[in-house]
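The residues making up each chain are set out below.
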Amino acid sequence: MTDTLLPEGGSGDVPPTTRADWQSDQEVRWCPGCGDYSILTALQLLMPDPGVRREKTVFVSGIGCAARFPYYMDTYGMHSIHGRAPSIATGIATAREDLSVWVVTGDGDALSIGGNHLIHALRRNVNMTILLFNNRIYGLTKGQYSPTSEAGKVTKSTPMGSVDHPFNPVSLALGAEASFVARTIDSDRKHLTEVLAAAAAHRGTSLVEIYQNCPIFNDGAFDAIKDRDTKADAIIPLVHGEPITFGVPAEDGRATKGVAHDPATGGVRVVEVGDGEGRLAESELLVHDAHNPDPSVAFAISRLTDAGYLHTSPIGIFRQVERATYDDEARAQLATAGASSDADPAERLSALITGADTWTVV
Amino acid sequence: MSTPDTAPETVQVPEVTVLFAGDSGDGMQLTGSQFTLATALARNDLATLPDFPAEIRAPAGTLAGVSAFQVHISDHDIFTPGDAPHVLVAMNPAALRAELATLVDGGTVIVNADTFVERNLAKAGYDHDPLEGDDLDAYRLIRAPMTSLTKEACKELGVKPRDAERSKNFFALGLLSWMYSRPIEPTIEWIEAKFKGRDLIIAANKAAFNAGHAYGETAELSDHQVIVRPAEMPAGTYTNINGNTALAWGLVAAGQLSGLPIFLGSYPITPASDILHELSRHKEFGVTTFQAEDEIAAVGSALGAAYGGHLGVTTTSGPGMALKAETIGLAVSLELPLVIVNIQRGGPSTGLPTKTEAADLMMAMYGRHGESPMPVIAAKTPADCFDQAIEAARIATQYRTPVILLSDGYLGNSSEPWLLPDVDDLEPFPVEFASGFNQVDEEGNEIFWPYLRDEKMARPWAIPGTPDLMHRIGGLEKEDGSGNVSYDGANHAHMIAVRAERIARIPVPDAEVCGDSDADVLVVGWGSTWGAIAAAVRRIRNGGRKVAHVHLTHLNPMPANLGEVLSGFSTVLVPEMNLGQLVRILRDEYLVDARPVNKVTGQPFTPAELQQVILSELGDDT
Ligand SMILES: Cc1ncc(C[n+]2csc(CCOP(=O)(O)OP(=O)(O)O)c2C)c(N)n1
Ligand code: SF4
Ligand SMILES: [Mg+2]
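Here the structure is a predicted model, which means the values were calculated and not measured.

Bringing the overall build of chain B into the picture now. Along chain B, the regular secondary structure elements total 20 helices and 25 strands. Radius of gyration (C-alpha) of chain B: 27 Å, near the 25 Å computed for a compact globule of 622 residues. Along the longest, intermediate and shortest principal axes, the C-alpha atoms of chain B span 100 × 65 × 45 Å. The buried share of chain B, taken over its 622 residues, is 61%.

This is how it looks when you write it as structure tokens:
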């Protein structure tokens, strides 16, 4: 029944597109210097690649600066209400197997008002790609602290400093057993594009936390990981199958820091790498395995993120595993039930209402 | 037991109302439902009223734990579960204490005498045994030792006495089946089907049922057999249906009639959950059911599915409606079809979750932020829930708007015979999605405007996947036509007017006056009060007095002729299971001196209550 109504398209070769095809005619209205611009550009440059049809692509957002995103993409799109985009996207993705569904959300939208929907989308593993623009502040409402703002943050609503403990979005997503969890940075076009491409290709829910600078209300929140002088020591890059190393390289080009199991806590810790007292050899470091079915190690790695001002943060794909998706399974049940009878729909309806105990008056 | 030497005497009555009451664990809902089915198969007209506590198992034997099921059986067309019951079956002292006051004077009380022991009497709050004092002098008392006779009947079967005791509700069912000459076979067949594979339970239940039947047949009750003759009903095939099942089936039908797959997003809540349960069983119709994490996600997912071209539906009760309000506002702004079902219950807050009320009308009409008009309709009988589910879907898809369908706990759980429609007679309302450009820009390029309206003022439903029609919609105000975000005040005022007008223009059937159009008194109802009003009006007219009844199914927009109808009567009474909501709307819209008649006890109106109100309005004529 569904098939007859679905519009044509999706069959045959995907016509080639360029960045311009993905740009809507609407004027982009973020503040100058806002990190959102670079994410939009990265995505518009990426979209022509994967061979996706524009008409088969849907962007759903909640409310916030980030949530204006769908207006700027020449695809189908819905700018919905605060925090609810994952629920709306769940309906779209479950109803329509043929669509590529994206959610664009902010740290307030996803983790405060919409926290419940986010974790449930992740545990169900519905086919959608969630881009979480984390500027660690409420932008659109002009600068209150958010669920990712560091404790003690002074904002309009916390003149004496925030006494809230922040969420780590990656830890949260891993705790919800998300099948794809990654973190990237607005200003690193290459990394951003790679991660977005991997997220888009993943079947199930992908969550990508994107550190996004808000020059107006939270400028410099990510300076430690962006600054030329400090970023080598701040970013812990995660590459599947590689030992986790970082830090300003030694003169011989070898890594100076790494991540290793911590027998004392059962978690992981940052260690000095190299020869000499208290240092570990590279061979003793943790080899990153994004495909590990057990999320515990990925979770441990996520805890290396500085909860206050960001002095250190692992960046990359934390977890990428295959897991049954809610919408595929729901559709499979429909198909199984549909195949159970070959009566036409009117006959079935008639059989349904006469199927209970009936009696006939003549 | 002795065998009577004469055949039992029978009396014929036009109607009887039986109330089964017992502890939550006594299986009263099951007993009542099965008695109802036997009644349906005996061709009586009937109406039922289940009434259960909010706790799944309140402390055994207490008043709080009493669960009841009322059945009204008749040889003529009836509209309600009856006024006061004629027969009370009380499985324990608490049931007797809780329900005795509802019984008619001179009614019959059948008790499970085995339970009237000190402990149970104390739990029920009796300081004496009511079977011994004069408490029951005004009634006919039948003391049936149901527990011991059931155990006795099961003795030879190898059933443990504790298990045998559980079958005592079937003893009650057997006894009542005999008293009211119900056919035996359907119950026996039903027991065999229901407990299939559990042979001992089948044997025990059948033994208990037969023992109850024999108990009636033998000397003890030989003068009590009552016959209610079959009712004259229009020819056709019937089934006994409750409102929630009818509503679920109506949605399935609406899917077929619109040609759309159905997507139900729902979160469990009494008394609406049964619609989710029923629809989950019908995936073969292309029905997707999504049990969301809360009501906000439930309606959100349904709206998302609607954007994707499904018939989006969400079902809930009052507290869930409150949570959905923001998303419904979005649906108003997006102008997408969506069916929102509210099975109302006693509020505010958790209120009386298992009892009925109809106090969400104002919320349905006005309970959103901003100017956000939307159609509201209400079902009036259990079977009407089928028709109104289709009507809600029809309005939603044809006019691209969210629609609220109101039902209530009473309609949802009560049942009545339903003359099954011929599926081929149901009017299809096929949906057409937008498929091409609808506008030309200044440079002569063909473009798509998502808010360009058709003659019904509905915007195109352009679903993702359609080439060329890519567009963005959202909750921000948009320019009429192009749909582009617009902060212009004049455009906003224009859009508010457009949204109001497009709902106000939806055609709805005229209000029909039942009864005497030249009467002084008009009773205006909506929703489940239909049965009690219709029964009261019929009695009054049978008594030779004049009265009229108008029942509203479409509450927004209201029938075009309603103002004129109202102005034709000097007195307008509006019975409602709230403190006066429709009455305010009528006073406001039509400047009539409509007056409220209210009941908020968690129980529906009885015909007798309304009869009295109307009669006192008519004045003493004698
Ligand atoms: C129900 C509701 N509550 C509050 C708001 C106001 N509001 C809009 S955006 C926002 C916070 C947005 O923060 P974030 O998600 O981090 O997005 P950003 O603007 O930083 O991109 C709030 C509180 C709203 N639109 N709706
Ligand atoms: S307020 Fe911040 S997040 Fe919002 S648009 Fe401006 S710079 Fe970007
Ligand atoms: Mg933010």
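It is worth spelling out helix H20 (residues 607-618) of chain B at this point. Under the 1.5 Å per step criterion, the end-to-end length of H20(B) is 16 Å for 12 residues, consistent within 8% with the ideal 16 Å. Structurally, H20(B) contributes buried residues whose contacts are with strand E21 (521-526), helix H17 (530-542), strand E24 (571-576) and strand E25 (594-598) of chain B.

This next bit is on the sheet that holds strand E5 (residues 180-185) of chain A. An order of E7(A)-E11(A)-E5(A)-E6(A)-E4(A)-E3(A)-E1(A)-E2(A)-E19(B) is seen for the nine strands of this open sheet, with the pairing classed as mixed. Strand pairing shows two members of the sheet lacking a second neighbour, strand E7 (235-238) of chain A together with strand E19 (472-474) of chain B, which therefore form its edges. Across the sheet, the axes of successive neighbouring strands diverge by a mean angle of 20°, strand direction being ignored. As judged from the six bridges shared by E5(A) and strand E6 (residues 205-211) of chain A, these two strands associate in the parallel manner. Looking at the pairing, Ile185(A) lines up with Tyr211(A) of E6(A). On top of the sheet, helix H12 (residues 318-334) of chain B reaches strand E2 (76-79) of chain A together with E19 of chain B; it is set at about 135° to E19(B), its chief contact.

The next thing to look at is the pairing of strand E11 (residues 313-320) of chain A. All names here are of chain A. The buried fraction of E11 amounts to seven of the eight residues, a majority that puts the element mostly inside the structure. Looking at chain direction, E5 and E11 are connected through four bridges and run antiparallel. Residue pairing across strands places Ala-182 opposite Ile-317, the latter belonging to E11. Sheet topology places E7 next to E11; four bridges connect them, and they run parallel. Of the residues in E11, the one forming a bridge with Ile-236 is Pro-314.

What follows concerns the site of ligand 2. Within the structure, ligand 2 sits among Trp30(A), Cys31(A), Cys34(A), Cys65(A), Asn135(A), Gln212(A), Cys214(A), Pro215(A), Ile216(A) and Phe217(A). Looking at side-chain class alone, the shell around ligand 2 contains eight nonpolar, two polar and no charged residues.

Another point: the pattern of salt bridges. This structure, assessed with the given rule, holds 39 salt bridges over all chains. Among the salt bridges present, the one from Asp98(A) reaches Arg96(A), with a minimum N-O distance of 2.9 Å. Classification of Asp98(A) as partly exposed rests on a relative accessible area of 26%. We note a salt bridge from Lys168(B) to Asp26(B), for which the minimum N-O separation is 3.4 Å. Placement of Lys168(B) in helix H6 (residues 168-179) and of Asp26(B) in the loop between strand E2 (15-23) and helix H1 (28-41) is noted, with a sequence separation of 142 residues between them. Across the pair, Asp26(B) and Lys168(B) agree in class, each one buried. Taken together, the salt bridges that share partners define one network made up of Glu97(A), Arg203(A), Asp327(A), Asp328(A) and Arg331(A).

Thresholds applied
Residues numbered from 1 in each chain as written. Chains lettered and ligands numbered in written order. Predicted model: local features only at pLDDT ≥ 70, side-chain atom pairs only at ≥ 80, totals over all residues. Heavy atoms only, no water. Helix = DSSP H or I, 4+ residues; strand = E, 2+ residues; numbered from the N terminus. Rg over C-alpha atoms; globule rule 2.2 N^0.38 Å. Buried < 20%, exposed > 50% of the residue type's maximum accessible area, 1.4 Å probe, protein only. Expected span 1.5 Å × (residues − 1). Contact = heavy atoms within 4.5 Å. Pairing = 2+ DSSP bridges. Axes fitted to C-alpha atoms, helices over the stretch in contact; angles between N-to-C directions. Near = heavy atom within 4 Å. Nonpolar A, V, L, I, M, F, W, Y, C, P; charged D, E, K, R; others polar. Salt bridge = Lys/Arg side-chain N within 4 Å of Asp/Glu carboxyl O.

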